[in-house]
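# An overview of the molecular structure
So the chains spell out like this:
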2 protein chains.
Amino acid sequence: MIVVKAGGGAGLNWDGLAADLAVAAAFKPIVLVHGAHSGRDALAEALGRPVRTVTSPSGVDSVYTDEQALDIMLMAYAGAANKRAVASLQARGLNAVGLCGIDGRLWEARAKKDILVRENDKVKLLRGNLTGRVERINTGLLRLLLEGGYVPVITAPAISAGREIVNADADTAAALTALGLGAEALVFLFEAPGLLRDPDRPETLVREVSRGELDGAAAFARGRMAKKMMGVRKALEGGVRAVYFGDGRDAHPLSSALAGNGTVFR
Amino acid sequence: MIVVKAGGGAGLNWDGLAADLAVAAAFKPIVLVHGAHSGRDALAEALGRPVRTVTSPSGVDSVYTDEQALDIMLMAYAGAANKRAVASLQARGLNAVGLCGIDGRLWEARAKKDILVRENDKVKLLRGNLTGRVERINTGLLRLLLEGGYVPVITAPAISAGREIVNADADTAAALTALGLGAEALVFLFEAPGLLRDPDRPETLVREVSRGELDGAAAFARGRMAKKMMGVRKALEGGVRAVYFGDGRDAHPLSSALAGNGTVFR
């Protein structure tokens, strides 16, 4: 079993990824998790409701999500991106089925409606934020589909215990999915060559990271990369044998990552 | 097995429908098919790309669908409407799974890219229309989900034999789904009391239609209602015992329709 998390950047080579997945699926069951932040941002802009980013007291940025932002997310992630991805896999002969974390309660999240944010050096409480942290994966639905010969293609949002739709981090969910299914490998593809010591200098690519080196490697990861590093730790500690970071813009994003052209965590 | 097709009008009572479905699911397996035309129209308008309607030489209106219109459709149907419907069923305790016709090639359609349209009394050929007619339902995926205890929630678009995304009529697909699954009942819910002899006069509601009366009843159905009547004919001829038309705006849309408050076809 291989779980692949494809980032939501506009530069991701979906056709190349679909071609790679069609080959990989001949050898291993595949689960694809994906983002859609570039599509979401473009839609939000076009609708005159630009994405609102908030910063936690400790300096972590996140997207503030009200009902309208959630609708935009549903449209960009579960609508356009998810179904375009499914169609591109279908075109390569993979019998893909697209789902979001709400379907079959695939991604069960703990809601965190009231959050502390820092604005102009003041900390204040922001209410009604429809986000959460994925804590449980309904692997039953995934196993049912995998045993039926389908390739699950999964995206945000998630669902809370109170059965509300909540925005949630897909990197964490991908790591939990790999754990829940006992996957042997987890692959993160995004718009960078891998883990970089300096995000502006591709030549600072870190090729290999052992479990003992995780803390050191996590220290220079920022923003989205820091969330991926938490996913890496979760996955390795839970028994996933190897986690790969790779460049999603590559002609063959998956095979290139598995060949070690990005960062390999063991 | 009951297949329910809920229309995509803004007035549909989704909460009431979810409550009805939660009761019905205790007795029979349920498949929900739904539209989203009001959401699609609103999104298209907000994005400055209003829906373009074309008229066939014989006078039948349809929506012209290019790649951009398809993206809007994916967002409104498979994104917002589908996942909001799934969440409303989940909130009632039903383990719903949302799909569109692309997923698992659920709705296989014959593409009809080049169509004849009438414009200003001239007939011309319009190319690149991404629509199709659903001809085959992948009941295997539906049976897999139903046997796993899930409630499939399905919407457009469909997928062509060439693996392209195509817009397709959900009423026909709902009828074929009922046939393919051997459903005993098919229920169409929309923004009218049922089949009306005069669409402007609710008091002209037709209460019952036998198979022998189908031709006569179809004669006064126009537009969307004409497509539903073709679905009714397909379903009854294929062995579905009863088809119901009901008012989706009702406090209890499904139970009211099944109680015969709209139109019953046997």
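In this text the structure is predicted, and so the values were computed from the model without any measurement.

## Re the relation of the copies chain B and chain A
With an RMSD of 0.0 Å, the fit of chain B onto chain A corresponds to turning through 180 degrees and sliding 0.0 Å along the axis. Look at the turn and shift together and you get a two-fold axis relating the two. An overlap of 100% is found between the interface residues of chain B and their copies at the interface of chain A, pointing to a shared contact surface.

## What about the packing of helix α1 (residues 14-24) of chain B against helix α3 (residues 67-91) of chain B?
Residues and elements named next belong to chain B. Put simply, α1 and α3 touch, their axes get as near as 9 Å, and they point 50 degrees apart. One finds that α1 runs oblique with respect to α3. α3 is crossed by α1, and the crossing has right-handed handedness. When α1 is examined against α3, the residues W14, A18 and L21 are found in contact with a partner set consisting of A85, S88 and L89. In terms of residue class, the contact of α1 with α3 is built from five nonpolar, one polar and no charged.

## A word on the pairing of strand β15 (residues 242-247) of chain B
All names here are of chain B. The buried fraction of β15 amounts to six of the six residues, a majority that puts the element mostly inside the structure. Residues A242, Y244 and G246 of β15 are buried on one face, and the alternating residues V243, F245 and D247, pointing to the opposite face, are buried as well. Direction of pairing for strand β13 (residues 185-190) relative to β15: parallel, over a ladder of six bridges. Bridge pairing in β15 places V187 opposite Y244. In this sheet, strand β16 (residues 263-265) lies alongside β15 in antiparallel orientation, the contact comprising three bridges.

## Section: the side chain of N167(A)
Residues and elements named next belong to chain A. Looking at the element boundaries, N167 is found in the loop between β12 (165-166) and α5 (170-180). Engagement of the side chain of N167 in a polar contact is seen with the side chain of T65, the distance being 3.1 Å. Each residue touching N167, except ones within four places of it in the same chain, is listed here: V63, T65, L70, M73, L130, T131, G132 and P157.

## A few points about the interface of chain B and chain A
With 37 residues of chain B at the interface, the matching set in chain A holds 37 residues. When chain B packs against chain A, the two sides together hide about 3000 Å² of surface, and 62% of this comes from carbon and sulfur. Joining chain B to chain A, the criterion identifies six salt bridges. Of the charged contacts, one joins R84(A) and D71(B) as a salt bridge, the two residues approaching to 3.1 Å between their closest N and O atoms. At the boundary of chain B with chain A, the tally comes to 18 residue pairs in polar contact (both at pLDDT 80 or more). Among the elements of the structure, α2 (37-46), α3, β5 (96-100) and α4 (139-147) of chain B are those that each provide at least two residues to the side of chain B that touches chain A. Among the elements that take part in the side of chain B that touches chain A, α3(B) stands out by supplying 14 residues, more than any other.

## Considerations on the packing of aromatic side chains
The tally for this structure, following the rule as stated, stands at six aromatic pairs over all chains. Ring centres of F245(A) and F265(A) lie 4.7 Å apart, and the angle between their planes is 65 degrees; on these two criteria the pair is classed as edge-to-face. On the criterion of sequence distance, the pair formed by F245(A) in strand β15 (residues 242-247) and F265(A) in strand β16 (residues 263-265) is long-range, its members being 20 residues apart. Neither residue differs from the other here; F245(A) and F265(A) are each classed as buried. Relative to F245(B), the ring of F188(B) has its centre 5.7 Å away and its plane inclined at 90 degrees; by these criteria the two rings are edge-to-face. In this pair, F188(B) sits in strand β13 while F245(B) sits in strand β15, placing the two residues 57 residues apart along the sequence. Pair check on accessibility: F188(B) and F245(B) agree, each one buried. Taking the ring centre of Y64(A) as reference, the NZ or CZ of R52(A) above it sits at 4.8 Å.

What counts and what doesn't
- Residues numbered from 1 in each chain as written.
- Chains lettered and ligands numbered in written order.
- Predicted model: local features only at pLDDT ≥ 70, side-chain atom pairs only at ≥ 80, totals over all residues.
- Heavy atoms only, no water.
- Least-squares fit on C-alpha atoms with pLDDT ≥ 70 in both.
- Contact = heavy atoms within 4.5 Å.
- Axes fitted to C-alpha atoms, helices over the stretch in contact; angles between N-to-C directions.
- Helix = DSSP H or I, 4+ residues; strand = E, 2+ residues; numbered from the N terminus.
- Parallel < 35°, antiparallel > 145°, perpendicular 65-115°, else oblique.
- Left-handed = near helix turned anticlockwise from the far one by under 90°.
- Nonpolar A, V, L, I, M, F, W, Y, C, P; charged D, E, K, R; others polar.
- Buried < 20%, exposed > 50% of the residue type's maximum accessible area, 1.4 Å probe, protein only.
- Pairing = 2+ DSSP bridges.
- Polar contact = N/O pair within 3.5 Å; in protein donor to acceptor, adjacent residues only side chain to side chain.
- Buried area = accessible area lost by both parts, 1.4 Å probe.
- Salt bridge = Lys/Arg side-chain N within 4 Å of Asp/Glu carboxyl O.
- Phe/Tyr/Trp six-rings, centres within 6.5 Å; stacked < 30°, edge-to-face > 60°.
- Lys NZ or Arg CZ within 6 Å of the ring centre and 35° of its normal.

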